[in-house]
Amino acid sequence: MATGVGVGVNGDWLNAVVAARFVHWPAPYTCKDSVEKRLIGRIMPGSADKSRKRMKKRHARGADDTLASSGAKKRRNISKVELAVKSDEPEVQDSDSSDMSDATIVDSTLSESDQEHDDGETNANSAVSTSKSSFTLHVDHELSKQEIDSLSTKKWKYKWEIPAFDEVYKWLGTGESFLQDADASSAYGLKLRLYEHWLEVYKRRGGDDFHSSKERLFFFLCNSYRDILHHNKKAFYNKGMAEDSSFMDAYIMHTLNHVFRSGDLVKKNDAKLAKHEKNVREEVLTSDAFLDHGFTRPKVLMLLPLKSIAHRVVKRLIQLTPTANKVNVDHLDRFDSEFGIEAEETVDRNESLKYDHVPHSSKTKELSKPQDFNVLFGGNNSDSFMVGVKFTRKSIKLYNDFYSSDLIVASPLGLYKKLELAEKDKQKDVDYLSSIEILVIDHADVISMQNWSLVNEIAKCLNHLPSNQHGTNIMRIRKWYLDGQAQFYRQTIILSSYLTPDINALFNHHCVNFEGKLNVSSLIQIKLSCQCKGVLPKIIPDLRQIYERFDLDSIVEADDARFEYFKEKVFPKIKDSDQGGVMIFVASYHDYLRLRRLLRTEDASHCLLGEYAEQKDISNSRRDFFEGKSRIIVYTERAHFYHRYKIRGVQNLIIYSLPERKELYPEIVNKLKGSENMTCTVLCSRFDLLQLERIVGSAAAKRMLSSDKHVFVIC
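Because the structure is predicted, anything quoted here is derived from the model rather than measured.

Trainee: Run through the sheet that holds strand 14 (residues 606-609), naming residues and quoting values.
Mentor: In sheet architecture, strand pairing relies on hydrogen bonds along the backbone and comes in two forms, parallel and antiparallel. A sheet is described by the order of its strands in space; here 7 strands give the open sequence 14-15-13-16-17-12-18, paired in mixed fashion. At either margin of the open sheet sits one strand with a lone partner, and together these are strand 14 and strand 18 (711-714). Direction aside, neighbouring strands of the sheet carry axes that sit 20° apart on average. As paired elements, strand 12 (residues 545-549) and strand 18 share 4 bridges and run antiparallel to each other. Its bridge partner lying in strand 18, Glu548 is registered against Val711. Taken strand by strand, helix 22 (residues 558-576) contacts strand 12, strand 13 (582-586), strand 15 (632-636), strand 16 (652-655) and strand 17 (679-684), and its axis lies near 165° from that of strand 17.

Trainee: Account for unusual backbone geometry, with residues named and values stated.
Mentor: Although it is not a glycine, Tyr225 sits at a positive phi angle of roughly 65°. Structurally, Tyr225 can be placed in the loop between helix 10 (214-222) and strand 3 (227-230). Located in the positive-phi region is His331, a residue other than glycine, with phi close to 65°. With respect to the secondary-structure elements, His331 resides in the loop between strand 5 (328-330) and helix 14 (332-340). Residue class for His331 comes out partly exposed when judged on its relative accessible area of 46%.

Trainee: Any details on the packing of helix 10 against helix 11 (residues 241-274)? Residues and values, ideally.
Mentor: Where helix 10 meets helix 11, the closest approach of the two axes is 8 Å, and the angle between their N-to-C directions is 40°. Here helix 10 is positioned oblique relative to helix 11, judged by the angle of their axes. Crossing of helix 10 against helix 11: the hand is right-handed. Between helix 10 and helix 11, the contacting residues are Lys214, Glu215, Phe218, Phe219 and Cys222 on the first element and Glu243, Ser246, Phe247, Asp249, Ala250, Tyr251, Met253 and His254 on the second. Each residue belonging to the contact of helix 10 with helix 11 can be placed in one class, and the counts come to 7 nonpolar, 2 polar and 4 charged.

Trainee: Just give me the short version of helix 9 (residues 192-204), but keep the residues and values in it.
Mentor: With 13 residues, helix 9 should reach 18 Å at 1.5 Å per residue; the first-to-last C-alpha distance of 18 Å fits that figure. For helix 9, the complete set of buried residues consists of Leu192, Arg193, Leu194, Tyr195, His197, Trp198, Leu199, Val201 and Tyr202. Trailing helix 9 by a residue or two, Gly206 shows a phi angle of about 105°, which is positive.

Trainee: Tell me about the packing of helix 9 against helix 13 (residues 307-320), residues and numbers included.
Mentor: The geometry of helix 9 relative to helix 13 is characterised by a closest axis approach of 9 Å and an angle of 115° between their N-to-C directions. By the angle between their directions, the pair helix 9 and helix 13 is classed as roughly perpendicular. Across the interface between the two elements, His197, Trp198 and Val201 of helix 9 pack against Arg316, Gln319 and Leu320 of helix 13. Considered class by class, the residues forming the contact of helix 9 with helix 13 number 3 nonpolar, 2 polar and 1 charged.

Trainee: Explain the packing of aromatic side chains to me, and be specific about the residues and the numbers.
Mentor: Overall, the coordinates contain 28 aromatic pairs when judged by the stated rule. On the basis of an interplanar angle of 70° and a centroid distance of 5.6 Å, the ring pair of Phe295 and Tyr481 is categorised as edge-to-face. Of this pair, Phe295 sits in the loop between helix 12 (281-285) and strand 4 (300-303) while Tyr481 sits in helix 20 (residues 479-482), and the two are 186 residues apart along the sequence. For the ring pair Phe377 and Phe641, a centre distance of 5.4 Å and an interplane angle of 75° mean the geometry is edge-to-face. Of this pair, Phe377 sits in helix 16 (residues 371-377) while Phe641 sits in helix 25 (residues 637-643), placing them 264 residues apart in sequence. On the basis of relative accessibility, which here comes to 1%, the residue Phe641 falls in the buried class. Among the aromatic side chains, those forming a connected cluster through ring pairs are Tyr188, Tyr195, Trp198, Tyr202, Phe210 and Phe219. Sitting above the plane of the Phe236 ring, Arg312 keeps its charged end 4.6 Å from the centroid.

Trainee: Lay out helix 19 (residues 453-460) in plain terms, naming residues and giving numbers.
Mentor: Every buried residue belonging to helix 19 is among Leu454, Val455, Ile458 and Ala459, and all of these are buried. All buried residues of helix 19 fall inside an arc of 140° around its axis, so they share one side.

Trainee: Go over a positive patch on the surface, please, and point to the residues and values.
Mentor: Residues Lys234, Lys239, Lys533, Lys538 and Lys662 make up a contiguous surface patch of positive charge. With respect to the helices, strands and loops of the structure, Lys662 is situated in the loop between strand 16 and helix 26 (664-669).

Trainee: Explain the pattern of salt bridges to me, and be specific about the residues and the numbers.
Mentor: Inspection of the entire model under this criterion finds 32 salt bridges. In this structure, Asp445 engages Arg661 in a salt bridge whose closest nitrogen and oxygen atoms are separated by 3.1 Å. Of the two residues, Asp445 sits in helix 18 (residues 444-448) while Arg661 sits in the loop between strand 16 and helix 26, which places them 216 residues apart along the sequence. By relative accessible area, Arg661 is classed as buried at 1%.

Trainee: Which residues make up the pairing of strand 6 (residues 386-391), and what values do they have?
Mentor: Taken across its 6 residues, strand 6 has 6 buried, putting it largely inside the fold. Of the two faces of strand 6, the one lined by Met386, Gly388 and Lys390 and the one lined by Val387, Val389 and Phe391 are each fully buried. Here strand 6 hands over to strand 7 (residues 395-398) after 3 residues, the two strands then running antiparallel side by side.

Trainee: An account of the side chain of Arg316 is needed here, citing residue identities and associated values.
Mentor: Note on placement: Arg316 falls in helix 13. Apart from residues lying up to four places away in sequence, Arg316 is in contact with Val201, Arg205, Met248, Asp249 and Ile252.

Trainee: A description of the nonpolar core should follow, citing residues and the corresponding values.
Mentor: Core analysis: the largest hydrophobic core is formed by 87 residues, its most contacted members being Phe218, Tyr251, Leu256 and Leu376. The element that contributes the greatest number of residues to this core is helix 11, accounting for 9 residues. Core analysis: the second largest hydrophobic core is formed by 35 residues, Met583, Ala700, Ala701 and Phe712 among them.

About the cut-offs
- Residues numbered from 1 in each chain as written.
- Predicted model: local features only at pLDDT ≥ 70, side-chain atom pairs only at ≥ 80, totals over all residues.
- Heavy atoms only, no water.
- Pairing = 2+ DSSP bridges.
- Helix = DSSP H or I, 4+ residues; strand = E, 2+ residues; numbered from the N terminus.
- Axes fitted to C-alpha atoms, helices over the stretch in contact; angles between N-to-C directions.
- Contact = heavy atoms within 4.5 Å.
- Buried < 20%, exposed > 50% of the residue type's maximum accessible area, 1.4 Å probe, protein only.
- Parallel < 35°, antiparallel > 145°, perpendicular 65-115°, else oblique.
- Left-handed = near helix turned anticlockwise from the far one by under 90°.
- Nonpolar A, V, L, I, M, F, W, Y, C, P; charged D, E, K, R; others polar.
- Expected span 1.5 Å × (residues − 1).
- Phe/Tyr/Trp six-rings, centres within 6.5 Å; stacked < 30°, edge-to-face > 60°.
- Lys NZ or Arg CZ within 6 Å of the ring centre and 35° of its normal.
- Arc of directions from axis to C-beta.
- Patch = residues over 30% accessible without salt bridge, like charges linked within 9 Å, V, L, I, M, F, W, Y side chains within 5 Å.
- Areas by Shrake-Rupley, 256 points an atom, 1.4 Å probe, with all protein chains shown as cover.
- Salt bridge = Lys/Arg side-chain N within 4 Å of Asp/Glu carboxyl O.
- Lys, Arg positive; Asp, Glu negative; His and termini not counted.
- Charge placed at Lys NZ, Arg CZ, Asp CG, Glu CD.
- Core = buried A, V, L, I, M, F, W, Y, C linked by side-chain atoms within 4.5 Å.

Next comes the structure, spelled out in structure tokens:
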């Protein structure tokens, strides 16, 4: 089995558990076809199915018959020590007796109030609907070899489409279409207490048609447990507060539903085990009905770009949690202080350069900046954080230890630092990533402006075999965890304002979830298809924009082909011209370094304005360019995204590579406003379709890239 950073190469702790388990378990349970035999079969991939068949032959009666036959016998509780698998590691303890534990060994006896609470909701839910929940169908599904082989190919064919939330885009899906009207009488798949609280919050906010709301519709998609890529979401900082909040509420409710159902299932099974005699434990523990654990407790990972966004998400998470489950919220004041109001801090340039991040000032709100900039960067701009969130019966615990948390909220940079630490220090590990069942990446477009490669590294480290046991009851771990199939059960939800090749690659290569319906063996993903209108009407100057297309055969050649075209066709014109005021705009930092090398080699008069430039150098570059001391200035997309500098004196604009963010294109072109003899040249290839259609519109982009002509003029 493949391992990630900080993960053990082999499962030595599993073998140790088997040995200890064999020695300490009572004699009646050490027979030839005992639980021990089945445990070994589950641990060794490939032998699980054979062991399972042997056990089915030996135990003809199911778990339900066992429970019924033991009802007339004298009952006594099985203690925690008797149920736990013996190991050399100390047992994990929890100070909260009402903890909804999943990964740790918990007290098998529920309190009287717990039982009343669970039974009450069970009865209410059974009155609402007798069908199995999406959660149950998902976690109980057993993958066939054919399904695993098909998933491993990572080849997807989208077969169906339906309109999405408005008429300009639609959902595409693989496999059989499942989108249909949900039944309100079933609480839309939510636990009843969650549904009632969400409905109350929705109405309190002024909503009147929950069934047709975007919140409910997107929750229905999330609750299908399919992988979802929504790359046309209006962000809260770009006049899309209502839409952004709707999608955020939906995935928050989905994660709460998943965490609560996981915890309730564990408590329910603990109560059943506590009522049985020792002489029936073998049959109980060999039943699949009691496999309800992962390797570790955390089930949800949320990746967010900035502390201000994390503060918004966690505060909404608390609001959407039912009142009975948040009597106490631990460390809320500390969270508000650290995430809501940014303290003065010094930007560590070496740290930023190390992780390819952009150092930016904490004081960013200026009236001269665009509104979306002020809204996005008006709060806490820190992009390095990680917080564990734990739910108990009556409280929410922030800043909880990761191993006993239900949900982890982190930035890619903050989590990647933990991966690096685990790689350097063998005493550290990131085993809390081994049992992630829902991965949410919100505002992926902002993360792409940081360093998307960190997201790829994190995705590679999910759902691997842990290096230590961490107090987990090995007898309760689900089969698909031990068989190394957890990646096929993990749901990934990606939300972004636009699509990039990097986001698309992550979705295609790291999202391999199976379909959540028990009786269907197809593969399902959801993807969004949309028609872009472009942003050309936002350009103020009356000028001709000349698009020059260069051709190439493979995307691997794209960077080199672009550079050669610029060097041979464009650069000689500006080098030999006496006219100054030339701005070269580049989207990639690697292209920026390549152009810097070319300008220095050719001894061209130039200055640089990149994302890692010192403030003193930035001021000097802007002044020299405006005064004509430097004829060429090279400006990067990330420098503009994080700072939105005013650059005066631009007369000739060369867009070396199109920006990923469409709103930046008119901002850059509008820098020509007031100039004389202004020109604008844009380089593009057929591999720039995603960026091009966001700027000129889908229809125009397709015509430009498929035409026999190579030069296009837009007035």
